[in-house]
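Geometric and topological summary
As a plain string of letters, each chain reads:
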Amino acid sequence: MFSSSLLLVTLLTLTLTYAYPSSQPPFYLVTTTQKGPTTNSSHLRAVSATSLFDPYYRPALAIRLTGPGYGSVPNFTLTHGILHTTASGPHGFGLYEYNSTQVVQGQELQFLAAERTHGELSLRNGYLLAVNGTTKGWTICVGELEQDVIEWMGTDASCNATYIHAVAEPPY
Ligand SMILES: *[C@@H]1O[C@H](CO)[C@@H](O)[C@H](O)[C@H]1NC(C)=O
Ligand SMILES: *[C@@H]1O[C@H](CO)[C@@H](O)[C@H](O)[C@H]1NC(C)=O
Ligand SMILES: *[C@@H]1O[C@H](CO)[C@@H](O)[C@H](O)[C@H]1NC(C)=O
Ligand SMILES: *[C@@H]1O[C@H](CO)[C@@H](O)[C@H](O)[C@H]1NC(C)=O
Ligand SMILES: *[C@@H]1O[C@H](CO)[C@@H](O)[C@H](O)[C@H]1NC(C)=O
């Protein structure tokens, strides 16, 4: 009796944990060739921090890899399948909530300061960024201005496979 109600409580807690990932505090996104988690993001294999990238003052921001020595990196939240982050608007004016746009095969993961109600992103096991539940398919590709950017299933010869982890503290 006691153990079955304990099990029920445990199951309910697990269900709530997965049903409401929005209760997660803001996290940072890193790229790594490692699938499994670590408590210290600096220890992830071939880890890289990421930041937002606005090549030509276009409305949509991309995500690029950022080496050691960055001043600060953006944090993210994920609700209803959408990643959210805060960034300044075009030409540096104002602060806006940027939302991830629909993930398209062969294109950059992009963010727009525009309303979006639901999307296809999730954090598998609470840390591994997935598209429609699939965690394998992210790539690091040489994009505009020779920056290494994140694409979903990039097919360019420059693209390398990567995982994207949500981590509590940025690496290096
Ligand atoms: C994480 O690991 C790095 C490198 O080993 C170390 O410098 C840093 O202090 C560690 N951070 C924490 C919070 O333990
Ligand atoms: C997340 O980023 C926002 C915008 O840059 C900042 O105001 C906030 O303090 C950050 N939150 C955490 C927990 O680092
Ligand atoms: C994700 O699933 C939706 C619904 O099935 C589909 O329309 C969309 O193309 C999928 N996205 C990707 C990137 O595969
Ligand atoms: C981003 O989407 C959220 C809803 O998911 C919305 O509240 C917010 O206003 C949107 N950001 C902008 C700049 O429209
Ligand atoms: C892909 O990996 C190769 C071999 O490690 C490396 O030379 C190249 O710079 C990588 N490409 C990107 C876009 O990171």
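To be clear, the structure that these remarks concern was listed above.
Residues numbered from 1 in each chain as written. Chains lettered and ligands numbered in written order. Predicted model: local features only at pLDDT ≥ 70, side-chain atom pairs only at ≥ 80, totals over all residues. Heavy atoms only, no water.

To continue, consider the overall build of the protein chain. A count of helices and strands for the protein chain gives one helix and 14 strands. Classification of the 172 residues of the protein chain by burial places 40% in the buried group. Taking the intrachain contacts of the protein chain between residues at least 6 apart in sequence as the baseline, contacts between residues at least 24 apart amount to 50%. As presented, the protein chain carries roughly 9700 Å² of accessible surface, and 57% of it is formed by carbon and sulfur atoms. (Helix = DSSP H or I, 4+ residues; strand = E, 2+ residues; numbered from the N terminus. Buried < 20%, exposed > 50% of the residue type's maximum accessible area, 1.4 Å probe, protein only. Contact = heavy atoms within 4.5 Å. Areas by Shrake-Rupley, 256 points an atom, 1.4 Å probe, with all protein chains shown as cover.)

Once that is clear, we can look at the pattern of salt bridges. Counted according to the given criterion, the structure contains three salt bridges. The shortest N-O distance in the salt bridge between Glu 144 and Arg 58 comes to 2.9 Å. Of this pair, Glu 144 sits in the loop between strand E11 (138-142) and strand E12 (148-152) while Arg 58 is found in the loop between strand E2 (48-53) and strand E3 (62-66), placing the two residues 86 residues apart along the sequence. Measuring nitrogen to oxygen at the nearest pair gives 3.5 Å for the salt bridge that ties Glu 120 to Arg 116. Put simply, Arg 58, Glu 108 and Glu 144 are held in one network by salt bridges that share partners. (Salt bridge = Lys/Arg side-chain N within 4 Å of Asp/Glu carboxyl O.)

A few words now on the side chain of Thr 50. Tracing the sequence through the fold places Thr 50 in strand E2. Taking the relative accessible area as the measure of exposure, Thr 50 reaches 4% and is therefore buried. Only 2.7 Å separates the side chain of Thr 50 from the backbone oxygen of Leu 29, close enough to count as a polar contact. (Polar contact = N/O pair within 3.5 Å; in protein donor to acceptor, adjacent residues only side chain to side chain.)

On to the site of ligand 5, then. The local shell around ligand 5 consists of Ile 140, Cys 141, Val 142, Asp 148, Ser 158 and Asn 160. At 3.4 Å, a backbone N or O of Ser 158 approaches a nitrogen atom of ligand 5. Take Asn 160: an N or O atom from its side chain is 2.4 Å from an oxygen atom of ligand 5. Isolated, ligand 5 exposes 370 Å² of accessible area, and the fraction of that covered by the protein chains is 40%. At three residues, E11 tops the list of elements feeding residues into the shell around ligand 5. The class makeup of the residues in the shell around ligand 5 is three nonpolar, two polar and one charged. (Near = heavy atom within 4 Å. Nonpolar A, V, L, I, M, F, W, Y, C, P; charged D, E, K, R; others polar.)

As a matter of local geometry, ligand 1 sits amid Asn 40, Ser 42 and His 43. With respect to ligand 1, the side chain of Asn 40 contributes an N or O atom lying 2.3 Å from an oxygen atom. Here an oxygen atom of ligand 1 and a side-chain polar atom of His 43 are 2.9 Å apart. Surface burial for ligand 1 is 27%, taken as the share of its 370 Å² of free accessible area covered by protein chains.

We now examine the environment of Arg 124. Mapped onto the secondary structure, Arg 124 falls in strand E9 (residues 121-124). A relative accessible area of 41% means that Arg 124 is categorised as partly exposed. As for Arg 124 and His 165, which are separated by 41 residues in sequence, their C-alpha atoms are 9.5 Å apart. The contacts of Arg 124, once residues within four sequence positions are left out, are Gly 133 and Thr 135.

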